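Listed below, chain by chain, are the residues.
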Amino acid sequence: MNQKSYMYREDEIRKYIPSSWSSHPEYRIVIFYEGFGKWFVGHGMKNVGAGDIVFIGPDTEEIFLNDSVFFENNDLRCCWSVLSFYDDIFPVNFRIMPECDEIVSVLDKSRNGLLYHADEKLRQTLVALFDRFAGALGLNQILVLNEILLTLSRAGSGVQVSPSKSDASAKEQLPVYRAFNYLLKNLSEDIKLEGVASFAGQNASALCRSFKAATGQSIFSCLQELRLNQASRMLIESPLGIPQVAVECGFGSSTQFNRLFSKKMGIRAVDYRKLYQK
């Protein structure tokens, strides 16, 4: 890419997507045409497949892990298009311009990873806009990009992958945010509901209700997901043995960890490590 290019499109076809934690200085919108796997953003994870669209903001850590079948001898492959851009393309004061409210909103949400399990109409619309972008020049590319961002902001089906960290100083006062923050900082500990509720500043019953309403998960379902996501990362990046990984991530035993990991990830922890470290 020319370093002076503030917007560009790239198309990729590979047997599988390289698996390593990375971040990019630009915004990236990705349409998946073929392939499937798990997309990790920060402390969250979602399944991604053909037809899905992801939107990731700048300097946000992410990794995509193909399912193990892509590493076997078969005809499966991954095919995707990426539209990358910097916010330098927008007017200097665009964040305080009412006309840009929708675009600012979707840009901010993308910093936690946005996943669209797109219906056929949305997918076809974005594919057509991507093609228009590739054929446009100069200001026309900016106009098409604005149309893409407005389409995503109005889709209503975008799900944030990583829990929001924006406006942390204000959200720290909210019980749900405080509960999530407590889980995140104490993954290796023996966490009790009473301890979470005490930290959150809300009685246990009320916290369970508000947490489920805000996240769609129970507190301990969320805790298990956070621990498994942390373990997934440690299996790739850490030299620790699997029993040590289980302990560091707060599991009662390696047997329990292996059972839960296989159920969630569809592959044994030992095979997962061999696969992705390789």
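For clarity, every value in this text was computed on a predicted model and none was experimentally measured. (Residues numbered from 1 in each chain as written. Predicted model: local features only at pLDDT ≥ 70, side-chain atom pairs only at ≥ 80, totals over all residues. Heavy atoms only, no water.)

The next point concerns the sheet that holds strand β5 (residues 53-56). Strand order in this open sheet of six strands is β1-β7-β2-β5-β8-β9, and the pairing throughout is antiparallel. Taken across any chain shown, the strands that pair with only one partner, and hence form the sheet edges, are β1 (7-14) and β9 (158-160). Neighbour-to-neighbour, the strand axes of the sheet open up by a mean angle of 20 degrees, direction not taken into account. In this sheet, strand β7 (residues 78-85) lies alongside strand β2 (residues 27-34) in antiparallel orientation, the contact comprising seven bridges. Residue pairing for β7: Glu34 is matched across the bridge by Cys79. Along the sheet, helix α3 (residues 139-155) makes contact with β1, β2, β5, β7 and β8 (114-116), crossing β7 at roughly 110 degrees. (Pairing = 2+ DSSP bridges. Helix = DSSP H or I, 4+ residues; strand = E, 2+ residues; numbered from the N terminus. Axes fitted to C-alpha atoms, helices over the stretch in contact; angles between N-to-C directions. Contact = heavy atoms within 4.5 Å.)

A few words on the environment of Arg14. Structurally, the position occupied by Arg14 is in strand β1. Overall, the relative accessible area of 37% leaves Arg14 in the partly exposed class. Taking the C-alpha atoms as reference points, Arg14 and Glu34, separated by 20 residues in sequence, lie 9.9 Å from one another. Ignoring anything within four residues of it in the chain, the contact list for Arg14 reads Arg77, Cys78 and Trp80. (Buried < 20%, exposed > 50% of the residue type's maximum accessible area, 1.4 Å probe, protein only.)

Next up on the list: helix α8 (residues 219-237). Relative to the 27 Å expected for 19 residues at 1.5 Å per residue, α8 spans 27 Å between its end C-alpha atoms, a close match to the ideal helical length. The complete set of buried residues in α8 reads Ile219, Cys222, Leu223, Leu226, Arg227, Leu228, Asn229, Ala231, Ser232, Met234, Leu235 and Ile236. (Expected span 1.5 Å × (residues − 1).)

Pairing within the open sheet is antiparallel, and its three strands lie in the order β4-β3-β6. At either margin of the open sheet sits one strand with a lone partner, and together these are β4 (44-48) and β6 (62-66). On average, adjacent strands in this sheet sit at an angle of 20 degrees to one another, irrespective of strand direction. Where strand β3 (residues 37-41) lies against β6, five bridges are found, and the strand directions are antiparallel. Each bridged residue has a counterpart across the sheet, and for Trp39 the counterpart in β6 is Phe64.

Of the volumes computed, that of the second largest pocket is approximately 450 Å³. Taken together, 21 residues make up the lining of the second largest pocket; nearest its centre are Ile17, His24, Arg28, Glu62 and Trp80. Those elements giving two or more residues to the lining of the second largest pocket turn out to be β1, β2, β6 and β7. Here the lining of the second largest pocket takes four residues from β1, the largest share from any one element. The residue makeup of the lining of the second largest pocket, split by class, is 11 nonpolar, four polar and six charged. (1 Å grid on protein atoms, 1.4 Å probe; cavity = no way out; pocket = protein on both sides within 12 Å on 5 of 7 lines; lining within 4 Å. Points joined across faces, edges and corners; volume = space filled by probe spheres on them. Nonpolar A, V, L, I, M, F, W, Y, C, P; charged D, E, K, R; others polar.)

The next subject is the side chain of Asn66. Among the secondary structure elements, Asn66 is positioned in strand β6. In terms of polar contacts, Asn66 uses its side chain to reach the backbone carbonyl oxygen of Phe36, at 3.2 Å. Apart from the residues within four sequence positions on either side, Asn66 is in contact with Tyr16, Ile17, Phe36, Gly37, Phe71, Cys78 and Tyr276. (Polar contact = N/O pair within 3.5 Å; in protein donor to acceptor, adjacent residues only side chain to side chain.)

The subject of this paragraph is the packing of aromatic side chains. In this structure the tally under the stated criterion is 16 aromatic pairs. Taking the centre distance of 4.7 Å and the plane angle of 65 degrees together, the rings of Tyr272 and Tyr276 count as edge-to-face. Placement of both Tyr272 and Tyr276 in helix α11 (residues 269-277) is noted, with a separation of four residues, approximately one turn of the helix. The pair formed by Tyr272 and Tyr276 is uniform in burial state, with each residue classed as buried. (Phe/Tyr/Trp six-rings, centres within 6.5 Å; stacked < 30°, edge-to-face > 60°.)

Summed over the entire model, instances satisfying the criterion amount to 14 salt bridges. A salt bridge links Glu12 to Arg14; its shortest N-O distance comes to 3.3 Å. A salt bridge links Glu120 to Arg123, with the nearest nitrogen and oxygen atoms 2.8 Å apart. On the criterion of helical spacing, the pair formed by Glu120 and Arg123 is a turn pair, its members being three residues apart in helix α2 (residues 120-135). Owing to a relative accessible area of 44%, Glu120 belongs among the partly exposed residues under this scheme. (Salt bridge = Lys/Arg side-chain N within 4 Å of Asp/Glu carboxyl O.)

This part takes up the nonpolar core. Core analysis: the biggest nonpolar cluster contains 31 residues, and Ile29, Phe55, Phe85, Leu107, Ile148, Leu149 and Leu152 have the highest contact counts within it. Only β2, β5, β7, α1 (101-110), β8, α2 and α3 provide two or more residues apiece to this core. Other than its neighbours up to four places away in sequence, Leu107 contacts Tyr27, Phe55, Phe85, Phe90, Phe94 and Leu149. Leu228, Ala246, Leu260 and Tyr276 belong to the second largest nonpolar core, which has 24 residues in total. (Core = buried A, V, L, I, M, F, W, Y, C linked by side-chain atoms within 4.5 Å.)

So, about unusual backbone geometry. Backbone geometry at Asp59 places phi at a positive 60 degrees, although glycine is not the residue there. Of note, Asp59 is situated in the loop between β5 and β6. For Asp59, a relative accessible area of 59% translates into the label exposed.

Read these as layout, nothing more, since geometry by itself doesn't imply function.
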